[in-house]
Amino acid sequence: MAVPQTRSMGLPLINLLRLKGAPILQQLHLEERLLRTSYDNWCIINDGTTKRTVVMGVSGKAEELLEIDSVLRDEIPVIRRFTGGTVIVDQGTIFVTFVCNKDAFPDLQSYPQPIMSWSSLIYKKVFQGIGDFSLRENDYVLGNRKFGGNAQSITKTRWVHHTSFLWDYEVSNMGYLKLPKRAPDYRQARDHLDFICRMKDHIPRSNFIERTIDAVGSHFVLRSVDPEASQSPLSSKFEPSSRLLKREELEEAIFNSRSRGACAASASQAS
Amino acid sequence: MASRLLWATRAASFLRISVPYRGFATVIKDLKYADSHEWVKVEGNSATIGITDHAQDHLGDVVYVELPDEGAEVTQGAGFGAVESVKATSDINSPVSGKVIEVNTKLNDSPGLVNASPYENGWIIKVEIKNADELNCLMDPDQYCKFCEEEDAKH
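Analysis parameters
- Residues numbered from 1 in each chain as written.
- Chains lettered and ligands numbered in written order.
- Predicted model: local features only at pLDDT ≥ 70, side-chain atom pairs only at ≥ 80, totals over all residues.
- Heavy atoms only, no water.
- UniProt positions renumbered as here; feature names shortened; annotations may be inferred.
- Helix = DSSP H or I, 4+ residues; strand = E, 2+ residues; numbered from the N terminus.
- Phe/Tyr/Trp six-rings, centres within 6.5 Å; stacked < 30°, edge-to-face > 60°.
- Buried < 20%, exposed > 50% of the residue type's maximum accessible area, 1.4 Å probe, protein only.
- Lys NZ or Arg CZ within 6 Å of the ring centre and 35° of its normal.
- Contact = heavy atoms within 4.5 Å.
- Buried area = accessible area lost by both parts, 1.4 Å probe.
- Salt bridge = Lys/Arg side-chain N within 4 Å of Asp/Glu carboxyl O.
- Polar contact = N/O pair within 3.5 Å; in protein donor to acceptor, adjacent residues only side chain to side chain.
- Nonpolar A, V, L, I, M, F, W, Y, C, P; charged D, E, K, R; others polar.

As recorded in an unreviewed UniProt entry, chain B goes by Glycine cleavage system H protein and comes from Sesamum angolense. Its UniProt record gives chain B the following Subunit (unreviewed entry) comment, quoted word for word: "The glycine cleavage system is composed of four proteins: P, T, L and H." We quote the UniProt Function (unreviewed entry) comment for chain B here in full: "The H protein shuttles the methylamine group of glycine from the P protein to the T protein."

Going by an unreviewed UniProt entry, chain A carries the name BPL/LPL catalytic domain-containing protein and comes from Sesamum angolense.

Okay, structure coming up:
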């Protein structure tokens, strides 16, 4: 049996998969499946997603994170994904995901901060000479404004690090998100529009993608693959956990939130 | 100097004292340890499992713990749940095979117990052990201490 090649010229191999407009749930299912069932390293770039969608993390509470009434009124899909964080995505979002073996970089500890720091080396190269890029806590920023949000999932032998880049966004979309209870210190209570920035004000879209691929090529040997190569075999039994929330679940979240609010108000009056 | 610090660290961990320099995590005697940074305390046929001080320190603030159901089967080396720590979910792997007989439901409201008390109040599950021989694959406190030092020294 041939042993799969995992390194070349001292660098780990990575499969580069380029998608355009793939639905975000499909992308998340792919990432989760590659994390759990593949032995290769993968870089997935999805240039925009077709439908505006809210994505919450594994423990995200809709009543705390979202303006649920608006989300239901405008029929915005809400997905719970297998990593953390909250984001609203659309065709102005560019996604870059790394799915890697722990031993691709033996000197890299597979914990959140080391992986985050490693990823920032790639984007530091992308933005060299273009903008004041840095990693602030878990965000990529230009100056002190966030343009990329990150989340991860780490198993015993592999990890996913995925980023949603704000190449552009609709101001009205930010109205679906509440100010989060847990926010990075550097946010300093700024509302969404004062906190984030558009990448399009700094770099053309195709230029960002090409520069990212070049930067990835300085850490890996790239092997472009067709989307068909990432499909699961028919025999695969893997069931991804990322899923679309049902309308009833969001309605229940509103009900629970209002019930808790009513109880808190009565308790306050009674005392 | 380095060997004295190492001795002091091992003595401190043996005596269950947290050392002030966070480069060396607390390690408790009488526990066994997996290379994925979980600990197990065996009492008769049952085992209590959690994540180590090294793990919680490197993960950051735990905001959620995904617990298995009571009655679920766990397998040595395989994931049975996860912790979420600010944007990242990390698998928790079982150091032993067996059946889950109790989960720490306090973690639902207080996931931070995993950070504050990883070896006591932050325990995650209790299992009925299937095969005591599996414990031979795990590290003792000294071995685990050395393992952590080597891991941290590489980075």
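This part takes up the UniProt feature "domain: BPL/LPL catalytic" (unreviewed entry) in chain A. Feature annotation in UniProt places "domain: BPL/LPL catalytic" (unreviewed entry) on residues 24–220 of chain A, given in this structure's numbering. For the annotated span residues 24–220 of chain A, helix accounts for 28% and strand for 27% of the residues, and the straight-line distance between the end C-alpha atoms is 25 Å.

Scanning all chains against the criterion turns up 21 aromatic pairs over all chains. Both rings, one in B:Trp39 and one in B:Tyr119, keep their centres 6.0 Å apart while their planes meet at 50 degrees; by these two values the pair is tilted. Of this pair, B:Trp39 sits in strand β2 (residues 38–43) while B:Tyr119 sits in the loop between α4 (113–116) and β9 (125–129), and the two are 80 residues apart along the sequence. Take B:Trp39 and B:Tyr119: they sit in the same class, and that class is buried. Every member of this aromatic cluster is reached through a ring pair, and the members are A:Tyr123, A:Phe127, A:Phe133, A:Tyr140, A:Phe147, A:Phe165 and A:Phe208. The residue whose ring lies beneath A:Arg198 is A:Tyr169, and the NZ or CZ to ring-centre distance is 4.1 Å.

Once that is clear, we can look at the interface of chain A and chain B. Between chain A and chain B, the residue contacts involve 24 residues of the former and 25 residues of the latter. Interface area for chain A against chain B, summed over the two sides, is near 1900 Å², with a carbon-plus-sulfur share of 47%. Together, A:Gln109, A:Tyr111 and A:Lys156 form the three largest contributors to the area buried by chain A at its contact with chain B, with a combined 32%. Linking chain A to chain B there are 2 salt bridges. In this structure, the salt-bridge partner of B:Asp91 is A:Arg36, at a minimum N-O distance of 2.7 Å. Our count for the chain A to chain B interface comes out at 13 residue pairs in polar contact (both at pLDDT 80 or more). With 6 residues, the top contributor of residues to the side of chain A that touches chain B is strand β10 (residues 145–154) of chain A. For the side of chain A that touches chain B, the class distribution of residues is 8 nonpolar, 10 polar and 6 charged.

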